[in-house]
Amino acid sequence: MSKWITFASVAILLSAAVPAASRANDQQRFRTEYTIAAFGLPIGKAGFETSITDAGAYSVDGTLRSSGIARIIAAINGSLTAKGLFGGDKASPSEFAVTYTEGKKTKTSRFTFSGNTITGAQNEPPVRKRGKWVPLDASQLVDAADPISAGMLYAARPRDVCNRTIKAFDGAMRMDIKLSYLRTVPFSARGFKGDIVTCRGRFVPIAGYDADKQDIKWMQQNGDFEIGFAPIAETSFHAPVSAKVKTRLVTVRARATRFEQLTN
């Protein structure tokens, strides 16, 4: 994986932290903030602000950046935007864009949607298809979503949040994240105190990647990660508040320091 993927692996998981709250009589706003660490040292911060209208339309703005010793090695800054509509027990995305810079390099990805299907991705610069490239078929983008919308999880019972496969697309790779129940533990952050459900995740690359790339092979065979989900207010929706991702080089951890509904 690139330095960006190593740093952002947790941030992408946490980018799903968009509180899918129940319908209200006016707009609701939420703020989530995270610290990201490796080797016990801070390497990044991420934050997301979400607005949800009484009609169920959501709008998300997120930022992430390297910090501490990681910023000495590689200064990374990124921003995420996503829009869509909640319907029943899922989110239907309509817009997604992510831009990040690593040193002097900048990359942008934008997705287009039709229903719950990704119909196109524009990457600048274009994706470089190297090695034993696994081509992406349009059928693999049916019922797939951007990293934010893919992680908005509805579950009637807390443990059920883990019994599913997340179908995500990052602009190049289509991947599955297979979740299974691991544990329930207490958790606290600004705006939240209570029990969270932790899921074990398994990374399954589907298409849009180099099958000979050692980092991807390692993640597929040995990679292990955990994601802790907290309930949103009094709803049946859940969002991430913690994550641990083990890569070939390092184990990256993230934890929410803020998980709060804002006063309008």
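Model, not experiment: these values are computed from the prediction.

Visitor: Could you give an account of the environment of Thr247, with specific residues and numbers?
Guide: Residue placement: Thr247 occurs in the loop between β15 (237-246) and β16 (251-262). The exposure class of Thr247 is buried, given its relative accessible area of 8%. For the pair Thr247 and Met219, spaced 28 residues apart in sequence, the C-alpha separation works out to 6.3 Å. Residues within four places of Thr247 in sequence aside, it is in contact with Trp218 and Met219.

Visitor: Break down unusual backbone geometry for me, citing the residues and quoting the values.
Guide: The step from Glu124 to Pro125 runs through a cis peptide bond, and the omega angle for that step is 0°. Inspection of the secondary structure assignment puts Pro125 in the loop between β7 (117-124) and β8 (133-134).

Visitor: I'd like a rundown of the environment of Arg255, residues and numbers included.
Guide: Note that Arg255 resides in strand β16. Given a relative accessible area of 42%, Arg255 falls into the partly exposed group. As a C-alpha pair, Arg255 and Ala189 span 66 residues in sequence and 8.9 Å in three-dimensional space. Non-local contacts of Arg255, meaning those with residues more than four positions away in its chain, are made with Glu33, Tyr34, Thr35, Phe187, Ser188, Val241 and Ser242.

Visitor: An account of the environment of Lys107 is needed here, citing residue identities and associated values.
Guide: For Lys107, the position within the fold is in strand β6 (residues 105-114). Considered as a pair, Lys107 and Gly78 are 29 residues apart in the sequence and their alpha carbons are 9.3 Å apart. Residues within four places of Lys107 in sequence aside, it is in contact with Val98, Thr99, Tyr100, Asn123, Glu124 and Pro125.

Visitor: Can you lay out the pairing of strand β14 (residues 224-231) for me, pointing to particular residues and giving the numbers?
Guide: Most of β14 is tucked away: six of the eight residues are buried. Here strand β12 (residues 192-207) pairs with β14 via five bridges, running antiparallel. If you follow Val197 over to β14, its bridge partner there is Phe229. Where β14 lies against β15, eight bridges are found, and the strand directions are antiparallel. Bridge pairing links Glu226 to Lys244 in β15.

Visitor: Please give an account of a positive patch on the surface that cites residues and values.
Guide: Where like charges cluster on the molecular surface, the positive patch consists of Lys105, Arg128, Arg130 and Lys213. Owing to a relative accessible area of 37%, Lys213 belongs among the partly exposed residues under this scheme.

Visitor: Run through the state of the cysteines, naming residues and quoting values.
Guide: Throughout the structure, instances matching the rule amount to one disulfide. A sulfur-sulfur separation of 2.0 Å characterises the disulfide bridge that pairs Cys162 with Cys199. Negative torsions about the S-S bond denote left-handed disulfides, and the value of about -80° found for Cys162 with Cys199 makes this one left-handed. Taken as a pair, Cys162 in the loop between β9 (153-154) and β10 (164-169) and Cys199 in strand β12 lie far apart in primary sequence, 37 residues in all.

Visitor: Describe helix α4 (residues 214-221), with residues and values.
Guide: The set of residues buried in α4 consists of Asp215, Ile216, Trp218 and Met219. All buried residues of α4 project into a common sector of 160° when viewed along the axis, lining one side. In the core, the buried residues of α4 are packed alongside β12, β13 (209-210) and β15.

Reading the values: rules and limits
Residues numbered from 1 in each chain as written. Predicted model: local features only at pLDDT ≥ 70, side-chain atom pairs only at ≥ 80, totals over all residues. Heavy atoms only, no water. Helix = DSSP H or I, 4+ residues; strand = E, 2+ residues; numbered from the N terminus. Buried < 20%, exposed > 50% of the residue type's maximum accessible area, 1.4 Å probe, protein only. Contact = heavy atoms within 4.5 Å. Pairing = 2+ DSSP bridges. Patch = residues over 30% accessible without salt bridge, like charges linked within 9 Å, V, L, I, M, F, W, Y side chains within 5 Å. Areas by Shrake-Rupley, 256 points an atom, 1.4 Å probe, with all protein chains shown as cover. Salt bridge = Lys/Arg side-chain N within 4 Å of Asp/Glu carboxyl O. Lys, Arg positive; Asp, Glu negative; His and termini not counted. Charge placed at Lys NZ, Arg CZ, Asp CG, Glu CD. Disulfide = S-S within 2.5 Å. Arc of directions from axis to C-beta.

These results come straight from atomic positions and should not be treated as a statement about function.
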